[in-house]
Amino acid sequence: MHHITVVGSGTMGNGIAHTFAQSGYRVSLVDVSKEALKRALSSIETNLDRQIIKQTLTEDAKTTTLNNIKIFTDLQAATVNAELVIEAATENFDTKIKLFKDLDHLCLPETILATNTSSISITKLASVTSRPERVIGMHFMNPVPIMKLVEVIKGFTTNNEVTSIITQTAKELGKQPVVVNDYPGFIANRILMPMINEAIYSLYEGVAGVVEIDTIMKLGMAHPMGPLQLADFIGLDVCLAILNVLHQGFGNPKYAPCPLLINMVAAKNLGIKTKIGFYDYSSGTKDLKVSTRFHS
């Protein structure tokens with residue numbers, strides 16, 4: 001496999017493009033917005049420069065990586081030679097369904113269609129294509145160039161050959177693939193999101209403050225980041241979307257999102273991406289300050 005296409009140039013999309021390009025793949029990065037693509041290339045270059053500072057990458061390797069990435073706003077042009085397409089668009093069911101219909105029409109019959117979704121059913125996405133056996137989940141962790149895990153999700157009809165190809169591809173990227181089956185939230189978010197939701201409920205119910213909750217989980221459970229800070233990092237809108245998938249998929253009230261989370265998303269307090277969530281990021285992310293809303 002030599003040519004891959006990444007659909008969506010946001011945080012996850014540009015991280016996936018960066019990782020494949022650095023591993024020697026020819027990458028077509030596609031988005032509807034030229035401005036978004038320019039921001040993506042800028043982010044990739046900044047992250048490559050960080051690797052150079054840490055002496056894990058050379059200047060020549062940076063140049064090669066950037067040369068391996070071509071940008072497109074035309075989905076057809078971006079996918080014409082793709083052996084693997086990884087969809088990394090927004091975590092919205094209707095958006096992904098439309099994309100998979102389009103990709104199925106545009107791509108060669110042998111092209112594998114993967115999605116970086118963190119919770120949406122692979123089987124449902126596969127069902128709108130003429131190649132359900134060649135549709136699979138490839139859930140990277142953020143930040144993609146650093147995190148080792150790739151959750152490989154088999155849809156109900158994904159064939160074993162495709163699973164083997166994607167598992168081997170992840171290994172070639174220096175990642176650790178773990179294969180799971182297609183049920184709401186898969187494994188990573190089925191376990192993580194209820195923990196985050198419970199932390200938000202604990203804040204909502206006045207059991208403890210933001211810093212206290214995060215400190216207990218960091219010092220007591222050896223988590224590198226507290227659940228409220230992690231929610232800010234993921235994006236509170238993304239957390240809410242995943243919890244809604246879990247709640248609807250299982251019909252179990254234990255997955256119901258906390259009313260505080262719902263209100264914060266409605267108010268566009270989404271975490272780092274809007275500079276305000278449980279913490280205030282208006283002056284950066286180094287010196288964490290609790291949002292004034294949660295001051296005691």
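Residue indices begin from 1 for each chain and proceed along its sequence in written order. This being a predicted model, a pLDDT of at least 70 is required before a residue's local features are given, and a value of 80 or more before pairs of side-chain atoms are given or counted; all residues contribute to the totals for chains, interfaces and linings. Side-chain metrics rest on all non-hydrogen atoms present in the structure, leaving aside hydrogens and water.

Moving on: the overall build of the protein. Each helix is a run of DSSP H or I of at least 4 residues and each strand a run of E of at least 2, with the numbering of both proceeding from the N terminus. Scanning the protein from terminus to terminus reveals 12 helices and 10 strands. Along the first, second and third principal axes, the C-alpha set of the protein runs to 55 × 45 × 35 Å. With a 1.4 Å probe rolled over the protein chains alone, any residue whose accessible area is under 20% of its type maximum counts as buried; one over 50% counts as exposed, and the rest are partly exposed. Scored against the burial criterion, the 296 residues of the protein give a buried share of 46%. In this description, contact between two residues means that some pair of their heavy atoms is separated by no more than 4.5 Å. Of all intrachain contacts in the protein linking residues separated by at least 6 positions in sequence, the fraction that spans at least 24 positions is 65%. Charged-residue counts in this description rest on Lys and Arg as positive and Asp and Glu as negative, His and the chain ends being excluded. One atom stands in for each charge, and that atom is NZ of Lys, CZ of Arg, CG of Asp or CD of Glu. Within the protein, the 27 negative side-chain charges are centred at a point lying 2 Å from the centre of the 27 positive side-chain charges.

When its domains are assigned, the protein resolves into domain 1 (3-181) and domain 2 (189-290). An automatic or database domain assignment provides the domain bounds reported here. The C-alpha-based centres of domain 1 and domain 2 are spaced at 26 Å. Contact residues are listed per partner, giving 7 residues for domain 1 and 5 residues for domain 2. Summed over both partners, the interface of domain 1 with domain 2 comes to about 470 Å²; 60% of that surface belongs to carbon and sulfur atoms. Distance and chemistry together define a polar contact, namely a pair of N or O atoms within 3.5 Å, with one atom able to donate a hydrogen and the other to accept it when in protein, and with adjacent residues in sequence counting only for side-chain atoms on both sides. At the boundary of domain 1 with domain 2, the tally comes to 1 residue pair in polar contact (both at pLDDT 80 or more). Of the residues belonging to the side of domain 1 that touches domain 2, the class tally is 2 nonpolar, 4 polar and 1 charged. Two parts placed together each lose some accessible area under a 1.4 Å probe, and the buried area is that loss summed for both. Think of it as three bins: nonpolar holds Ala, Val, Leu, Ile, Met, Phe, Trp, Tyr, Cys and Pro, charged holds Asp, Glu, Lys and Arg, and polar takes everything else, Gly as well.

Our next topic: the pairing of strand S6 (residues 135-140). Of all the 6 residues making up S6, 6 are buried; the element is thus mostly covered by neighbouring parts of the structure. By the alternation rule, side chains of S6 split into Val135, Gly137 and His139 and Ile136, Met138 and Phe140, which are all buried. By the bridge criterion, 3 bridges tie strand S5 (residues 112-115) to S6 in an arrangement that is parallel. Directly across from Thr115, in S6, lies its bridge partner Gly137. For the handedness criterion, the strands are oriented away from the viewer, and a crossover whose path from the first strand over the helix to the second runs clockwise is classed as right-handed. Handedness of the crossover is the feature at issue here: the chain leaves S5, passes through helix H6 (residues 122-127), returns alongside S6, and the resulting connection is right-handed. We call two strands paired when DSSP finds no fewer than two bridges between them.

Let us now look at unusual backbone geometry. In the segment running from Asn142 into Pro143, the intervening peptide bond is cis, with an omega of 0°. Checked against the element boundaries, Pro143 lands in the loop between S6 and strand S7 (149-154). A positive phi angle, near 55°, is found at Phe186, a position not held by glycine. The class for Phe186 is buried, based on a relative accessible area of 2%. The phi dihedral of Ala222 is positive, around 60°, even though this residue is not glycine. One can find Ala222 in the loop between helix H9 (210-221) and helix H10 (227-234).

It is worth spelling out the UniProt feature "domain: 3-hydroxyacyl-CoA dehydrogenase C-terminal" (unreviewed entry) in the protein at this point. UniProt positions are given in the numbering used here, feature names are shortened, and annotations may be inferred rather than shown by experiment. With numbering matched to this structure, UniProt assigns "domain: 3-hydroxyacyl-CoA dehydrogenase C-terminal" (unreviewed entry) to residues 185-281. With 62% helix and 2% strand, residues 185-281 has end C-alpha atoms that lie 28 Å from one another.

Further remarks concern helix H5 (residues 93-106). For a helix, the expected span equals 1.5 Å multiplied by the residue count minus one. End to end, H5 covers 20 Å across 14 residues, agreeing with the expected 20 Å (1.5 Å per residue, within 8%). Among all positions of H5, only Lys96, Ile97, Leu99, Phe100, Leu103 and Asp104 are buried. Summarising the axial view, the buried residues of H5 lie within an arc of 165°, below the 170-degree limit, and thus occupy one face. Relative to its buried face, H5 has exposed residues pointing more than 90 degrees away, namely Asp94, Lys98 and His105. Buried positions along H5 lie against strand S1 (3-7), helix H4 (75-79), strand S4 (84-87), S5, H6 and S6. Regarding H5, its N-cap is Asn92, as a side-chain oxygen of that residue lies 3.1 Å from the backbone nitrogen of Asp94 further along. Relevant arc is that of directions from the helix axis to the C-beta atoms, nothing else.

Moving on: the pairing of S4. Burial along S4 is two-sided: the face carrying Leu84 and Ile86 and the face carrying Val85 and Glu87 are both buried. In terms of strand pairing, S4 meets S5 through 4 bridges, oriented parallel. Along S5, the bridge assignment pairs Val85 with Leu113. Since S4 and S5 lie parallel, the crossover through H5 that links them has a hand, and here it is right-handed.

Following the sequence through the fold, Asn67 ends up in helix H3 (residues 59-67). Sequence separation between Asn67 and Val27 is 40 residues, and the spatial gap between their C-alpha atoms is 9.3 Å.

To continue, consider the UniProt feature "site: Important for catalytic activity" (unreviewed entry) in the protein. The positions UniProt marks with the feature "site: Important for catalytic activity" (unreviewed entry) are His139. Along the chain, the position of His139 falls in strand S6. Not counting chain neighbours up to four residues away, the residues in contact with His139 comprise Thr115, Asn116, Thr117, Ser118, Leu149, Val150, Glu151, Ile153, Ala188 and Asn189. Polar side-chain contacts of His139 include one of 2.8 Å to the side chain of Glu151.

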